[in-house]
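Descriptive structure summary
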Amino acid sequence: MTAKWTIDGVKEALAAKKVSARELAADFYARIRERNAELNAYLTLSEDRAYAQARRIDALVASGKPLPALAGVPVAIKDVISTRGVRTTCGSKILEHYVPPYDATAVERLEAAGAVILGKTNCDEFAMGSSNENSAYGPVRNPEALDRVPGGSSGGSAAAVAAGLAVAALGTDTGGSIRQPGSFCGVPAMMGSYGRVSRYGLIAFASSLDRIGPFATNIRDVAAILKVIAGRDANDSTSTTAPVPDYRAVMENPVKGMRIGVPKEYFGQGMDDEVRKKIVAGIEVFKKLGCQLHEIHMAHTDYAIATYYIIATAEASSNLARYDGVRYGLRVEDDSLLAMYRKTRGAGFGAEVKRRIVLGTYVLSAGYYDAYYLKGQKVRALIAQDFRDAFTKVDAIVTPTSPVPAFKLGERTNDPLQMYLADIYTVTGSLAGVPGISVPCGKICGKLPVGLQIFGPAFGEASVLQLAHAFEQAGGAVV
Amino acid sequence: MKISREDVQRVAELAYLDLSETELQMYRSQLDEILEYIGKLNQLDTSGVEPMAQVLADDQTADATLREDLVVPCIVAGDILRQAPDPEPPYFRVPKVIER
């Protein structure tokens, strides 16, 4: 079988009866068994569920009926997204044995479109981290460089797709957790607008920032997955009724004449020189495609990390209050209820999660709320305004995804602030609620992938994909 | 340092989080460093800026926030109780809450 499957490749092979969905799933499980001990990308395999779905697809093929959009496509799901009957740990000891009684809407939609869910992927605990080193189940290794991190928090999903252990995967992005691992592992990775994809069944970290989105090996596949999972869901009141375009069709439109903003603030200090060279070369690709480049200013960029770590931790401290040893997950017994809560949470959460609960509780506590949380919300408004202002002048914004390529395992674990600063170019779009994608943009020394980030205006996923697709077709991945 | 061991202790109590002495000391210095960094927001004059309390504009969620109030079947109690550390159907059992 071919090394790299795509959604179209799977569909054609199934229709031509060159392979069955069952054989394809078995082939992927064989690859996973071969590679996973080394990569640690998957935490749980859902073989029963995958083969049951494969049987349904094979029956459909046999009946000659038309195949749905993702028929037989093997996919992986980040372990913060609920899967009925399949263990969902959030990378945490506190949920080590948790089996959700329902599916996230995104999972339900993928399966309804024919996808075969192979299993659950490793991630930073409760999606809190930028390197996947905060998983209670050990770090993921970057398939492109085994001594390096895959990025985080969706490191397992990025690594699984990069290593050919899934055709596509779902991740979640709160401050960069889809785009940054996509960049580190050299695969396209997209976060739609806030409200574009239902969060129902996504185990909450920071509800005003969390978004589900796809990893795939090419932009057409990213577009196909987004199309399937996007759209209004009655179970998430923040999902919008904005129509979902046929992304694959609209992204074929020519990009000539499109206006691209390049914000000066995203090329500042702390940026790796080799990353800069690749991004500059990537921007040249857009120029050759006939796009108009504009230098723009986004004045509040430098305040985004500080703002993010107020808002995200405040929301996390509230969301994670639900882990109390009563309804699900770990319980550490004690005769007193309050001591049971304290011991359960003290024993069940890892170091980074506790750090964020402490910080988030602090910024919300009496006497500090105005100075930190309210201030953060005001600066968030200014950052969102920067984006709205920019999109009155340009159609999209192009930046590096990360100031650095994948770093070595253990290199940043002792310095939380340095780790937070790895998200400096991604958190802005998270705070503003706009869509963003990371596309492969060359490799440093032919080895370490660099990601180029494209932001669009809210619900402007189509133009983001259009530019990403044109960039990919023009050979942007090998600048 | 602006943050004391007692500050961290107080926050941990608010969050019902047991922390060891080592953790208290570690979070004390890290929290101090992070809050120092966050302090850069004070360089910005935000008087007159409305806090961003929600991401989507009202017209993007107008219909989303209103739905018919219908009773729908939801037979999941058994499944949910199976996940509990100490279930006694149809209840969750917890340590004694009220002292005599």
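Residues numbered from 1 in each chain as written. Chains lettered and ligands numbered in written order. Predicted model: local features only at pLDDT ≥ 70, side-chain atom pairs only at ≥ 80, totals over all residues.

This part takes up the overall build of chain A. Secondary structure summary: chain A contains 16 helices and 11 strands in total. In terms of C-alpha radius of gyration, chain A reaches 21 Å, essentially the compact-globule figure of 23 Å for 479 residues. When the backbone C-alpha atoms are referred to their principal axes, chain A occupies close to 65 × 55 × 45 Å. Burial status across chain A gives 64% buried among its 479 residues. Considering only intrachain contacts with a sequence separation of at least 6, the fraction spanning at least 24 residues in chain A is 76%. (Helix = DSSP H or I, 4+ residues; strand = E, 2+ residues; numbered from the N terminus. Rg over C-alpha atoms; globule rule 2.2 N^0.38 Å. Buried ≥ 20, exposed ≤ 12 C-beta atoms within 10 Å, placed from the backbone. Contact = placed C-beta atoms within 7 Å.)

All names here are of chain A. As for its position among the elements, Arg109 is in helix 4 (residues 105-112). Residues Arg109 and Ala230, spaced 121 residues apart in sequence, show a C-alpha to C-alpha distance of 9.0 Å. Setting aside residues up to four positions removed in sequence, Arg109 forms contacts with Val228 and Ile229.

The next subject is the interface of chain A and chain B. At the junction of the two partners, chain A supplies 57 residues and chain B supplies 45 residues. Sorting elements by how many residues they give to the side of chain A that touches chain B places helix 13 (residues 369-390) of chain A first, with 11 residues. Taken together, the residues of the side of chain A that touches chain B sort by class into 28 nonpolar, 17 polar and 12 charged. (Nonpolar A, V, L, I, M, F, W, Y, C, P; charged D, E, K, R; others polar.)

In terms of nonpolar packing, the biggest core is built from 175 residues, with Val75(A) and Ala166(A) touching the most fellow members. Ignoring any residue separated from it by four or fewer positions in sequence, one finds Ala166(A) in contact with Phe28(A), Pro74(A), Val75(A), Ala76(A), Leu118(A), Ala160(A) and Val161(A). (Core = buried A, V, L, I, M, F, W, Y, C linked by C-beta atoms within 7 Å.)

A separate point is the domain arrangement of chain A. One widely used convention gives an interface's size as the accessible area the parts lose upon coming together. Residues and elements named next belong to chain A. Segmentation of chain A into domains returns domain 1 (7-244), domain 2 (259-299 + 389-478) and domain 3 (306-370). On a C-alpha basis, the centres of domain 1 and domain 2 stand 23 Å from each other. Listed by partner, the interface residues are 38 residues for domain 1 and 37 residues for domain 2. Contributions of two or more residues to the side of domain 1 that touches domain 2 are made by helix 6 (179-185), strand 5 (189-191) and helix 7 (219-229). The leading source of residues in the side of domain 1 that touches domain 2 is helix 6, at 6 residues. In terms of residue class, the side of domain 1 that touches domain 2 is made up of 17 nonpolar, 14 polar and 7 charged. (Domains from an automatic or database assignment.)

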